[in-house]
Amino acid sequence: MSQPRALELDGVRKDYGTVPAVATLDLHLDEGEVLALVGPSGCGKSTLLRLIAGLEEPDAGTVRIAGRPVAGDGVWRAPERRDVGIVFQDHALFPHLTVAENVAFGLTGLSGGRRRERVAEALAMIAMERLADRYPHELSGGEQQRVALTRALAPRPELLLLDEPFSNLDRHLRTQIRADTMELLRKTGTPAVFVTHDQAEALAVGDRVAVMRAGRIEQLGAPEPVFHTPANRFVATFMGDADFLPAELTGDTLVTEAGSVRAPDDVVGRVDPLEVMVRPHEVVLRPGENGTARVVGTEFQGGFILHTVMLHSGRRLRSLQPHTTHYPIGTRLHAELSYGHPPAVLPGQDAGRAGDAAPDATNGYRTEPARQG
Ligand code: ADP
Ligand code: MG
């Protein structure tokens, strides 16, 4: 057999009372791979991590880490014997231990000298040597989180689990620590499951992204296909701003009221009502008195201005324009689809009016689901 996988979940399930926190679920992770696990608050992300870490026992299914069974089929390996590092949102450093002592904590079974070496080495990796003798309360939130990361990686675990590790940090710091963390994971070749409720973060860190809802994985794939061709409306709207337009299939062309696009091969021949997903960066605006669309809203976003336009049918599309382009409300214009890739085609609203996906009274324009967790 080839190299064992870093992680294998087979039919893993966990119920709390009658609520399946994690429904029967399969998942694997290759060596050195980073999986971003993203989904709204309460969808089961932390429960899944806790099942992997051994902080919860599955009701069904098996867990293997680096080829070794750790849970299920009568096997149970305690968390401290799973060779897994964990970083939580609230770093949980030992307050009465210095930075160096915190990092040394998990380094059991080494001589004093080897231990000191490993601590120094680990702190150097993340440029924290100068803080070795400080106590946690003498560190900023960002520094505390770096220590937590160092402590988790020092024993050289088979797998690192991160549960919304940087959610408490401000945006600037978060971006920087995230980049450092990813560099460290690449350098050490440590496979990781990175949990976040932030879709942008998931797209940025994951070799693959798993989008979770209500205990299930709705879609699993590389960031680009998850963003560009979401499997359903939930994934479409959770992973970015999305509008939907009815599309009529004529041969291999999808005709919408904002222009025609080439249909993906697997869509050609379908007879059910279809809609294309449109993200704001995929709508081109061209002013013109005979335009059938009209600007009904603008929002300044710094580098960009988000325009909302109403089409002839009354449907709305959002269009992201560079800050140099600002069409005032009321401007007549042409709104046209401009994809750099085959569009995502989803079943039309009329096909099966799924409750979660019904457009609101503003004719197909949807507000975003809550993304805070
Ligand atoms: P997430 O991390 O995605 O926000 P969680 O895994 O924490 O979600 O929770 C998933 C579901 O399981 C939620 O409905 C939550 O209320 C429930 N849950 C989590 N932990 C427990 C617990 N110890 N006892 C009962 N219910 C729980
Ligand atoms: Mg959680």
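Conventions adopted
Residues numbered from 1 in each chain as written. Chains lettered and ligands numbered in written order. Predicted model: local features only at pLDDT ≥ 70, side-chain atom pairs only at ≥ 80, totals over all residues. Heavy atoms only, no water. Pairing = 2+ DSSP bridges. Helix = DSSP H or I, 4+ residues; strand = E, 2+ residues; numbered from the N terminus. Axes fitted to C-alpha atoms, helices over the stretch in contact; angles between N-to-C directions. Buried < 20%, exposed > 50% of the residue type's maximum accessible area, 1.4 Å probe, protein only. Domains from an automatic or database assignment. Contact = heavy atoms within 4.5 Å. Polar contact = N/O pair within 3.5 Å; in protein donor to acceptor, adjacent residues only side chain to side chain. Salt bridge = Lys/Arg side-chain N within 4 Å of Asp/Glu carboxyl O. Near = heavy atom within 4 Å. Areas by Shrake-Rupley, 256 points an atom, 1.4 Å probe, with all protein chains shown as cover. Nonpolar A, V, L, I, M, F, W, Y, C, P; charged D, E, K, R; others polar. Parallel < 35°, antiparallel > 145°, perpendicular 65-115°, else oblique. Left-handed = near helix turned anticlockwise from the far one by under 90°.

S.K.: Sorry, what's going on with the sheet that holds strand β17 (residues 293-300) here?
M.R.: Pairing between the strands of a sheet comes from backbone hydrogen bonds, and it takes one of two forms, parallel or antiparallel. Pairing in this open sheet of five strands is antiparallel, and the strands run β16-β20-β17-β18-β19 from one edge to the other. Because the sheet does not close on itself, it has two edges, and the strands there are β16 (283-287) and β19 (316-322). Taken over all neighbouring pairs, the strand axes of this sheet differ in orientation by 40° on average, direction set aside. Pairing analysis gives five bridges linking β16 to strand β20 (residues 332-337), with the strands arranged antiparallel. Within β20, the position partnered with L285 by the bridge is A335.

S.K.: Even after reading the chapter, I still don't get the sheet that holds strand β14 (residues 259-262), so can you show me in this structure?
M.R.: Here five strands make up an open sheet; going across it, the order is β14-β13-β12-β15-β21 and the pairing antiparallel. Looking at the sheet topology across the chains shown, the edges are occupied by β14 and β21 (345-347). The sheet shows a mean angle of 40° between the axes of neighbouring strands, direction not considered. Note that strand β15 (residues 274-278) and β21 share three bridges and pair antiparallel. Looking at β21, one finds that E275 is bridged to L346.

S.K.: I'm lost on helix α1 (residues 45-53) in this one. Help?
M.R.: What sets the pattern is the α-helix's 3.6 residues per turn: residues three or four places apart point alike. The element α1 is largely enclosed, with a buried count of seven among its nine residues. What α1 keeps buried is the set K45, T47, L48, L49, L51, I52 and A53.

S.K.: Just to check I follow, could you spell out the domain arrangement of the protein chain for this structure?
M.R.: For interface size, the figure often reported is the accessible area lost on association. One can read the domain layout of the protein chain as domain 1 (7-228) and domain 2 (241-355). Distance between the C-alpha centres of domain 1 and domain 2: 39 Å.

S.K.: Explanation requested: the environment of N232 in the structure shown.
M.R.: Residue position: N232 is located in the loop between α7 (223-228) and α8 (233-238). Taking the relative accessible area as the measure of exposure, N232 reaches 22% and is therefore partly exposed. Spatially, the C-alpha atom of N232 lies 27 Å from that of I52, the residues being 180 residues apart in sequence. With residues near it in sequence (within four places) discarded, N232 still touches E218 and L346. Engagement of the side chain of N232 in a polar contact is seen with the side chain of E218, the distance being 2.8 Å.

S.K.: Would you explain unusual backbone geometry in this entry?
M.R.: The general pattern is negative phi for most residues beyond glycine and trans for most peptide bonds. Not every positive phi belongs to a glycine, and A66 is a case in point at roughly 50°. Residue position: A66 is located in the loop between β4 (60-65) and β5 (68-72). The phi dihedral of D73 is positive, around 55°, even though this residue is not glycine. Overall, the relative accessible area of 72% leaves D73 in the exposed class.

S.K.: What is the right way to read the pattern of salt bridges from this model?
M.R.: Any two side chains of opposite charge can pair, so long as their charged atoms come close to each other. Inspection of every chain in the model, using the stated rule, returns 18 salt bridges. Taking the shortest distance from any N to any O, the salt bridge between E117 and R114 comes out at 2.6 Å. Of the two residues, E117 and R114 both sit in helix α3 (residues 112-125), three residues apart, roughly one turn of that helix. Given a relative accessible area of 45%, E117 falls into the partly exposed group. With a relative accessible area of 32%, R114 lands in the partly exposed category. One salt bridge connects R186 with D207, and the closest N-O pair in it is separated by 3.2 Å. Of the two residues, R186 sits in helix α5 (residues 171-188) while D207 sits in the loop between α6 (199-205) and β10 (208-213), which places them 21 residues apart along the sequence. By relative accessible area, which is 41% here, R186 ends up partly exposed. Residue D207 is classed as partly exposed on the basis of its relative accessible area of 33%. Each of the salt bridges in this network shares a partner with another, and the network as a whole consists of K14, R50 and E56.

S.K.: Even after reading the chapter, I still don't get the site of ligand 1, so can you show me in this structure?
M.R.: Within the structure, ligand 1 sits among Y16, A21, P40, S41, G42, C43, G44, K45, S46 and T47. Between ligand 1 and G44, the relevant distance is 3.1 Å, taken from an oxygen atom to a main-chain nitrogen or oxygen of the residue. In the complex, the protein chains occlude 56% of the 560 Å² of accessible area that ligand 1 would expose alone. The dominant element in the shell around ligand 1, judged by the number of residues it contributes, is α1, at three residues. Its residues assigned to classes, the shell around ligand 1 shows four nonpolar, five polar and one charged.

S.K.: Quick question: what am I supposed to make of the packing of helix α4 (residues 141-153) against α5 here?
M.R.: For any two helices packed against each other, one specifies the inter-axial angle together with the distance between the axes. Between α4 and α5, the least distance of the axes is 11 Å, while the angle of their chain directions is 15°. Comparing the axis directions of α4 and α5 gives the class roughly parallel. You can see that α4 and α5 cross each other, and the crossing is right-handed. On α5, the residues touching G142, R146, L149 and L153 of α4 are L173, Q176, I177, D180, T181, L184 and L185. Along the lines of polarity and charge, the residues of the contact of α4 with α5 split into six nonpolar, three polar and two charged.

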